[in-house]
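Chains, contacts and geometry: an overview
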Amino acid sequence: MYILIGVLFAICVLFFILNFYRRKCIIRKIRCMDCCEKVRLLNDLAEPFGFAYLPEEDVMTSTLDAWQKNFGYCSLYDNSAFRFNMVIDCEPVYFDYNGRTWMIEFWKGQYGINLGGEIGIYQADTLLSPDQYDRTLFHGVSDHELLPLSMRLNFKGQPLFFLHREHWWLTGFRMGSYCEPEDLVMDLSITFPNDDMLQCFVEALMNLGYSACELCICRLTVSLSFSIPHTWQPRLVHSCSARFSQWQNRIFCRLFRCITRPFTCTMDRILYLYFFLPVCFRRLLCFKRNRRQCFHHHKRKCR
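The present account deals with the structure reproduced in this document. Owing to the predicted nature of the structure, the values given are computational and were not obtained by experimental measurement.

Cut-offs applied
- Residues numbered from 1 in each chain as written.
- Predicted model: local features only at pLDDT ≥ 70, side-chain atom pairs only at ≥ 80, totals over all residues.
- Heavy atoms only, no water.
- Helix = DSSP H or I, 4+ residues; strand = E, 2+ residues; numbered from the N terminus.
- Buried < 20%, exposed > 50% of the residue type's maximum accessible area, 1.4 Å probe, protein only.
- Contact = heavy atoms within 4.5 Å.
- Areas by Shrake-Rupley, 256 points an atom, 1.4 Å probe, with all protein chains shown as cover.
- Phe/Tyr/Trp six-rings, centres within 6.5 Å; stacked < 30°, edge-to-face > 60°.
- Pairing = 2+ DSSP bridges.

1. Some thoughts on the overall build of the protein chain
Looking only at helices and strands, the protein chain features nine helices and 12 strands. In the protein chain, which comprises 303 residues, the proportion classed as buried is 49%. When contacts within the protein chain are restricted to residue pairs at least 6 apart in sequence, those whose partners lie at least 24 apart make up 67%. When the accessible surface of the protein chain is totalled, it reaches about 15,300 Å², and 59% of it is carbon and sulfur.

2. Details of the packing of aromatic side chains
Under the counting rule described, the total for this entry stands at 20 aromatic pairs. When the centroid spacing of 6.2 Å and the interplanar angle of 80° are considered together, the rings of Y122 and W168 count as edge-to-face. Here Y122 is found in strand 5 (residues 114-123), whereas its partner W168 is found in the loop between strand 8 (158-167) and strand 9 (169-175), with 46 residues between them in sequence. For the pair formed by Y122 and W168, the shared burial category is buried. Considering the side-chain rings of Y272 and F276, the 5.3 Å spacing of their centres and the 20° angle between planes classify their relative orientation as stacked. Here the residue Y272 and the residue F276 both occupy positions in helix 7 (residues 266-276), the gap between them amounting to four residues, near one helical turn. Look at F276 and you get buried, because its relative accessible area is 12%.

3. A look at the pairing of strand 4 (residues 100-111)
When a strand is regular, its side chains alternate between the sheet's two faces. For strand 4, the buried fraction is high: 12 of the 12 residues fall into the buried class. Where strand 3 (residues 86-97) and strand 4 come together, 12 bridges link them in antiparallel fashion. Residue pairing for strand 4: I88 is matched across the bridge by G109. Following strand 3, the chain reverses through two residues before pairing antiparallel with strand 4; N98 in that reversal takes a positive phi of roughly 55°. Pairing geometry for strand 4 and strand 5, over 10 bridges, is antiparallel. Looking across to strand 5, one finds that G109 is bridged to G116. The loop that links strand 4 with its antiparallel partner strand 5 comprises two residues; one of these, G112, has a positive phi angle of about 65°.

Here it is in C-alpha cells:
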C-alpha cells in the first residue's frame, strides 16, 4: 500500500515537473516569434473557423468568405443565445426594398469569454409580412450587395476598437474581457447604394422608436449609437438563465486570464493556449457561430 502511494506521488511530481518545463518552453517559443509570424500563424489557425486576427485593434473578426454565411440568420438564434453563454443586446431592423424583405441587425454584449459586437446584413427570398419575420430564415447578402459598414465599440465610455470595411457581417471580439451588455455602446454607420434603400432603412428605424435626433444622415450614410435596444430582448425574459450564464462567463474569463497570465496581448494569449491546451483553443474559436450548427441540429430534431 505504501509503495503504491509512493509510486503515485512520484508520478504526480514527475508530471508537474514535465508540465512546468513544457510551459516554460512554450513561453520561450512564443516570445521568440516576431509579430508578423504570430499574426500569420494565428490567422492560419482561425481561418477554418471563419475568423481572422486584427493586430492593430487586438480583436478577432469575421472574414468575408466565412463559412457561417451558409447558415443565414433567424430569430431563433437571438431567442436561444443565452443557452450558449451569449448574453447580448440585439436590434433587428426589418424593411422592404427591391422586392424582398431585408434584415439589418446589431448585436453587442458577452459571447462566452469574449466581449464584442456585430452588424449583420441579411435578406429573405421574397417580401414578408411582419408576422412572418420570426419564422423566416434570412440569407447573407451576395458579394455584389455588400455594404460599407463601420463600428466603434465603447465600454463605459472608453473606446475599445474601431472597424470599417465592406462586409455582410462585420464583427469584433475582444477575448478574455467581461462586460454587461448595457455597459457597451456601439457607434455604427451604414452606407447604402441609393437613396431609396436608405429611406426604407431609416423609416424602419423610426418605426422601432428611434427619433430623428438619434440618427445622423450624410448623403447615403446613416450613423447612430446602439445603446439601449428599442426592440424586445429575449435575455430579459430568461433573466435568471442569463444571469447564470454571465456568472459562468465571468469565471471562464478569469480562468482564461489566469492560464495565459504570462502574456498580456490577446494574440500571445491565444497562441499560448493553442500550444499548451489545444482542446481549449478549439473551444475558444467556436465562441460565436458554431452555435448556428447547434440551432440547425436542434430544429431538425424537433421536426
